[in-house]
Structures are given as C-alpha cells and as structure tokens.
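Working through the structure, step by step
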Amino acid sequence: MKDNIWLEKWDERYSTETFAYGTEPNNYLKEQLNKLNPGKILFPADGEGRNSVYAAVKGWKASAFDISSGGQKKALQLAQNNLVTIDYQVGELHALNYEKEQFDVIALIYAHFPAEIKSSIHKTLDQYLRKGGIIIFEAFSKNHLDYLARNEKVGGPKDIGSLFSIEEIRSDFPNYDILELAETETELNEGIFHNGTGSVIRFSGRKQ
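So, here is what we can say about the structure in this document. (Residues numbered from 1 in each chain as written. Predicted model: local features only at pLDDT ≥ 70, side-chain atom pairs only at ≥ 80, totals over all residues. Heavy atoms only, no water.)

What about the overall build of the chain?
On a plain count of helices and strands, the chain comes out with 7 helices and 7 strands. Of the regular secondary structure in the chain, the N- to C-terminal order runs α-α-β-α-β-α-β-β-α-β-α-α-β-β. Against the globule reference of 17 Å for 208 residues, the chain gives a C-alpha radius of gyration of 16 Å, in line with a compact fold. With respect to the principal axes defined by its C-alpha atoms, the chain has extents near 40 × 40 × 35 Å. Per-residue burial for the chain yields a buried fraction of 50% across its 208 residues. Within the chain, contacts between residues separated by at least 24 positions form 69% of all contacts whose residues are at least 6 apart in sequence. (Helix = DSSP H or I, 4+ residues; strand = E, 2+ residues; numbered from the N terminus. Rg over C-alpha atoms; globule rule 2.2 N^0.38 Å. Buried < 20%, exposed > 50% of the residue type's maximum accessible area, 1.4 Å probe, protein only. Contact = heavy atoms within 4.5 Å.)

Pasting the structure below:
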C-alpha cells in the first residue's frame, strides 16, 4: 500500500505541463560534471529528466530511472527538445537490467528513497559503478526539517528517515576516496518545489 501511495505522489507531481523542479540542471551536478570527461552516467530517481538531459547535452551517455511513468514521459520530451537521447527506464531498481561496473559516474541528485530501503539502494548502485568511477550526491540533510518548518517552499521530505547525515553516507559508501563530504546551506531555485534556503549533504567520491 505504501508503494502505491509513493507512486501516486510522484505521478501526480509530474502530471502537469509545468516541470516540478524546472528544466535546468542542479548546480552542484553542473559543477562536478565540468571536472570530468564524458562517459556513461546513471541518474537514479531522475523525475522529469532535467539532470540526465543536461548530461546528454554535454556529451555523456545518460541513463536514468524512476518509478513514475509521468516523469519518464516529460524527460523524453525534454530530451527531444534538446536534440539528445537518454535511456530512461521506469521501475524499482531491483527490477531493472543494469550491469555490474556499467557506469563511470552515478549522480544521486535529491534521490530521496523511503527510509527502509535507501541504504540498500545505495549499496546496489555501488555495484553498477566501475572501480575509479565517481559518485555525485546532493540531497537534504536531517537538519533540513528546521528549514522546511520555516519555509515549506524549499521542499524535501518531511520524515527524518528519508533525509541524510554525513555518517550515513560514510556508512553506505565505505569503499570510496572522499573528494568532498560536507553538510552545507544552499539557496535553491529549482522549479516550483525547491525554492529557498535548505540544508544539504554534498558528496563526491571515487570508488576504490
């Protein structure tokens, strides 16, 4: 039942003509991709495709997945508008056909999974990244609830279990050389649902 409620939430959010989080990529993602040579990249929980389409425009072979077919529809349209292609699958990660060490980069941008599965998803994704590959991660921290209480427009989960701590990231990705791992304030201006000051965890790491 919970899975159905989760799916309905995202299908509803992506059902309008307006892009819920805009069509521009996340700033941290842009910053990190600019440091790397294009290769194969995976975007979990990619929603309406703003980040995977940006990567494709920059020459990456971009793959993405989400549980929402509504998100996929808009992502493929955005890709078409930008004259690129992305491989976008719909479904839960365990049911998809990714291969071990398939990707050079995995970008988790506001990929907030339910608390009971988020660590297992991270550990599964780790298998799909080649040795020497890079994780790029930005998502709301557990302290973000204080920011959300002051300004609902900043968005993000309202349950602390779906939010992240530095300790959780260290635990979920133990076999990485940490290039950056910090909790920081950021000013978001991403579509309708990410507007205002929030508290985020940023992580960039190279797989050993």
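Having put the structure on the table, let's press on.
Re helix H3 (residues 50-57)
Burial analysis of H3 places 7 of its 8 residues in the buried class, which makes it a mostly covered element. What H3 keeps buried is the set Arg50, Asn51, Ser52, Val53, Tyr54, Ala55 and Ala56. Summarising the contacts, the buried residues of H3 are in contact with helix H2 (27-33), strand E1 (40-44), strand E2 (61-66), helix H4 (69-81), strand E4 (103-109) and strand E6 (176-190). The first or second residue beyond H3 is Gly59, which carries a positive phi of 100 degrees.

So, the pattern of salt bridges
Using the criterion set out here, one finds 8 salt bridges in the structure. The shortest N-O distance in the salt bridge between Lys118 and Glu168 comes to 3.2 Å. Here the residue Lys118 occupies a position in helix H5 (residues 118-127), and Glu168 occupies one in helix H7 (residues 166-172), the gap between them amounting to 50 residues. Owing to a relative accessible area of 3%, Lys118 belongs among the buried residues under this scheme. Judged by relative accessible area, which is 23%, Glu168 ranks as partly exposed. Here Lys207 ties to Asp126 by a salt bridge, and the two come within 3.8 Å at their closest N and O atoms. With Lys207 in strand E7 (residues 194-207) and Asp126 in helix H5, the pair connects residues that are 81 residues apart, well separated along the chain. (Salt bridge = Lys/Arg side-chain N within 4 Å of Asp/Glu carboxyl O.)

Observations regarding the side chain of Asp46
Here Asp46 is to be found in the loop between E1 and H3. Buried and unpaired, Asp46 has no salt bridge, with Arg50 as the nearest side chain of opposite charge at 6.9 Å. Only 2.5 Å separates the side chain of Asp46 from the side chain of Ser52, close enough to count as a polar contact. (Lys, Arg positive; Asp, Glu negative; His and termini not counted. Polar contact = N/O pair within 3.5 Å; in protein donor to acceptor, adjacent residues only side chain to side chain.)

Focus on the environment of Asn195
Inspection of the secondary structure assignment puts Asn195 in strand E7. According to the relative accessible area criterion, Asn195 is partly exposed, its value standing at 22%. Sequence separation between Asn195 and Lys153 is 42 residues; the distance between their C-alpha atoms is 5.3 Å. Beyond its immediate sequence surroundings of up to four residues, Asn195 is in contact with Asn151, Lys153, Val154, Leu188, Asn189 and Glu190. A polar contact is formed between the side chain of Asn195 and the backbone oxygen of Gly191, at a distance of 2.6 Å.

Some points on the packing of aromatic side chains
Enumeration over the complete set of coordinates arrives at 10 aromatic pairs. Ring centres 4.8 Å apart and planes at 55 degrees place the aromatic pair Tyr110 and Phe140 in the tilted group. Taken as a pair, Tyr110 in the loop between E4 and H5 and Phe140 in strand E5 (residues 129-140) lie far apart in primary sequence, 30 residues in all. Taking relative accessible area as the criterion, Phe140 reaches 0% and is therefore assigned buried. Members of the aromatic cluster, joined through ring pairs, are Phe65, Tyr98, Phe103 and Tyr128. The ring of Phe164 carries Lys118 above its face, with NZ or CZ at 4.5 Å from the centroid. (Phe/Tyr/Trp six-rings, centres within 6.5 Å; stacked < 30°, edge-to-face > 60°. Lys NZ or Arg CZ within 6 Å of the ring centre and 35° of its normal.)

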